[in-house]
Amino acid sequence: MPRVIFSISYPIKKEARADYLETIEALKNYLTNERGKDYSVFEVKGKPNHFSEVYICESLDEYDALEEDSDDVTEQLINRIVNDFIKDGKVEYKTLIESV
């Protein structure tokens, strides 16, 4: 089965950086330690305050279940990121499916 990389990229408000980093760290800890997800967060080199969240799924089924598998804690943290930190609502989604 092919693996899938799902990324969510966005700029954050400069003045919200400290609160964003605290919130995204809580999300990462929860998703990786409590939910067992392969999830990381990266800042784009040369573009301060531009971040990418990356999920690596072992199969298309796992990828398809990401949204349905969300719980209250995950939803609260994601909603805070979307509503309080993302600059101008600019979000880019990318899904990569392993081919070989």
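This text follows the structure it describes.
The rules behind each value
Residue positions are counted from 1 within each chain, in the order its sequence is given. At least 70 in pLDDT is required for a residue's local features to be given in this predicted model, at least 80 for side-chain atom pairs to be given and counted, and no such filter applies to totals for whole chains, interfaces and linings, which use all residues. Hydrogens are left out, water is left out, and the side-chain values use all remaining heavy atoms of the structure. A run of H or I in DSSP counts as a helix once it spans at least four residues, and a run of E counts as a strand once it spans at least two, with each numbered from the N terminus. For the radius of gyration, the atoms used are the C-alpha atoms, and the globule rule reads 2.2 Å times the number of residues raised to 0.38. Exposure classes here rest on a 1.4 Å probe applied to the protein chains alone. A residue is buried below 20% of its type maximum, exposed above 50%, and partly exposed in between. When charges are counted, Lys and Arg contribute as positive and Asp and Glu as negative, whereas His and the chain ends are disregarded. By convention, charge coordinates are those of NZ in Lys, CZ in Arg, CG in Asp, or CD in Glu. Here a helix's expected span is defined as the number of its residues, less one, multiplied by 1.5 Å. When we speak of the arc, we mean the arc of directions from the helix axis to the C-beta atoms. For two strands to pair, DSSP has to find at least two bridges joining them. To get an axis, a line is fitted to the C-alpha atoms, and for a helix only the part in contact is used. The angle between two axes follows their N-to-C directions and goes from 0 to 180 degrees. Pairs of residues are marked as contacts when any of their non-hydrogen atoms sit within 4.5 Å. Only centres within 6.5 Å qualify two rings of Phe, Tyr or Trp (six-membered ring in Trp) as a pair; their planes then separate them into stacked at under 30 degrees, edge-to-face at over 60, and tilted for everything else.

(A) Spotlight on the overall build of the chain. Within the chain, the secondary structure is distributed over three helices and four strands. Taken from the N to the C terminus, the helices and strands of the chain come in the order β-α-β-β-α-α-β. Expected size for 100 residues packed as a compact globule is a radius of gyration near 13 Å; at 14 Å, the chain falls within 12% of this value. Taken along the three principal axes of its C-alpha coordinates, the chain extends 45 × 30 × 20 Å. When each of the 100 residues of the chain is scored for burial, the buried share is 30%. Once the 13 positive and 22 negative side-chain charges of the chain are each reduced to a mean point, those two points are 11 Å apart.

(B) Just helix α1 (residues 17-34), in detail. Look at α1: 25 Å from first C-alpha to last across 18 residues, which is about the 26 Å you get at 1.5 Å a residue. Residues of α1 that are buried: Tyr20, Thr23, Ile24, Leu27, Tyr30 and Leu31. Relative to the axis of α1, the buried residues are bounded by an arc of 120 degrees and lie together on one face. Of the exposed residues in α1, those oriented more than 90 degrees away from the buried face are Ala18, Glu22, Glu25, Asn33 and Glu34.

(C) View of the sheet that holds strand β3 (residues 50-57). Read from one edge of the open sheet, four strands run β2-β3-β1-β4, paired in antiparallel fashion. Each edge of the open sheet is held by one strand with a lone partner, namely β2 (39-43) and β4 (92-97). On average, each strand axis in the sheet is inclined to that of its neighbour by 20 degrees, with strand direction left out of account. Relative to β4, strand β1 (residues 4-11) is paired through six bridges, and the arrangement is antiparallel. In the strand pairing of β4, Ser9 is matched with Glu92. Relative to the sheet, α1 contacts β1, β2 and β3, its axis offset from that of β2 by approximately 155 degrees.

(D) View of the packing of aromatic side chains. Counted under the stated rule, the structure contains seven aromatic pairs. On the basis of an interplanar angle of 80 degrees and a centroid distance of 6.0 Å, the ring pair of Tyr10 and Tyr20 is categorised as edge-to-face. Here Tyr10 is found in strand β1, whereas its partner Tyr20 is found in helix α1, with 10 residues between them in sequence. Neither Tyr10 nor Tyr20 differs from the other in exposure class; each is buried. In textbook terms, an aromatic cluster arises when at least three aromatic residues are bridged by ring pairs, as seen for Phe6, Tyr39, Tyr55, Tyr63 and Tyr93.

(E) Representation of the pairing of β1. For β1, a buried count of six out of eight residues is recorded, marking the element as mostly surrounded by other parts of the structure. In this structure, β1 lies alongside β3, joined through eight bridges in antiparallel fashion. When the sheet's bridge partners are listed, Val4 is paired in β3 with Cys57.

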